[in-house]
Amino acid sequence: MRSISKLKKELDKWFSLFIRLRDCDELGLVECFTCNRFKHYKSGMQCGHFQSRSFLPTRFNEENCQPQCVGCNMFKQGEQYKFAINLNSKYGEGTAEELQFLARKTVKFTRVDYEEKISYYKETVNKLKKEKGIM
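An account of the accompanying structure is given in this report. Just so it is clear, the structure is predicted and the values come from calculations on it, not from any experiment.

## Quick look at the packing of aromatic side chains
Phase 1: Scanning all chains against the criterion turns up 9 aromatic pairs.
Phase 2: Seen from their ring centres, Phe18 and Tyr121 are 5.2 Å apart, and the 55° between their planes marks the pair as tilted. Residue Phe18 is found in helix H1 (residues 4–22), and its partner Tyr121 is found in helix H6 (residues 111–132); the two are separated by 103 residues along the sequence.
Phase 3: Of the residues examined, Tyr121 reaches a relative accessible area of 7% and is grouped as buried.

Structure, rendered in structure tokens:
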């Protein structure tokens with residue numbers, strides 16, 4: 001039986017792939033959420049989090065997570081100010097504030113929660129690849 005930490009790591013992998021594929025075009029190019037540069041979803045792009053991955057309630061939240069280039073996500077600490085502005089623009093005013101509040105709630109994922117999410121995102125990633133003609 002896999003440990004919770006191993007399940008979390010696997011979910012991170014599939015969820016990150018989903019976030020990058022969700023917004024990419026048929027060539028696999030995706031726009032950085034904070035600097036608008038285009039890069040291939042497999043190289044130079046990451047799953048950027050508005051609220052840090054350390055907050056479990058928003059770690060796998062699809063609004064909290066957007067494609068970011070390595071420069072913005074790693075070297076510019078996620079460009080949180082720009083990220084917030086863009087979140088409010090994309091999902092509606094107050095989204096960033098709502099995510100900040102949500103991140104501080106208490107949540108506990110069970111083994112089953114992780115397994116279900118892994119299954120869902122794995123299936124969704126494969127479906128997106130097929131729809132966009134990317135392999």
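## Some words on the pairing of strand S3 (residues 45–49)
Phase 1: Of all 5 residues making up S3, 4 are buried, and the element is well covered by its neighbours.
Phase 2: Where S3 meets strand S4 (residues 65–69), 5 bridges bridge the pair, whose relative direction is antiparallel. Directly across from Met45, in S4, lies its bridge partner Cys69.

## What about unusual backbone geometry?
Phase 1: Even without being glycine, Asn36 reaches a positive phi, approximately 65°.
Phase 2: The topology assignment puts Asn36 in the loop between strand S1 (29–31) and strand S2 (38–40).
Phase 3: Residue Asn36 is classed as partly exposed on the basis of its relative accessible area of 47%.

The rules behind the values
All chains use their own residue numbering, which begins from 1 and follows the written sequence. Local features in a predicted model are, by the rule used here, given only for residues with pLDDT of at least 70; side-chain atom pairs are given and counted only at 80 or more, and totals for whole chains, interfaces and linings are based on all residues. No hydrogens and no water enter the side-chain calculation; it runs on all heavy atoms of the structure. The pairing test for Phe, Tyr and Trp rings, Trp by its six-membered ring, is centres within 6.5 Å, and the orientation test on the planes gives stacked under 30 degrees, edge-to-face over 60, and tilted for anything in between. Numbered from the N terminus, helices here are DSSP runs of H or I no shorter than four residues, and strands are runs of E no shorter than two. Each residue is placed in one exposure class: buried if its accessible area under a 1.4 Å probe, protein chains only, is under 20% of its type's maximum, exposed if it is over 50%, and partly exposed if it falls in between. Strands were regarded as paired on the criterion that DSSP finds at least two bridges between them.

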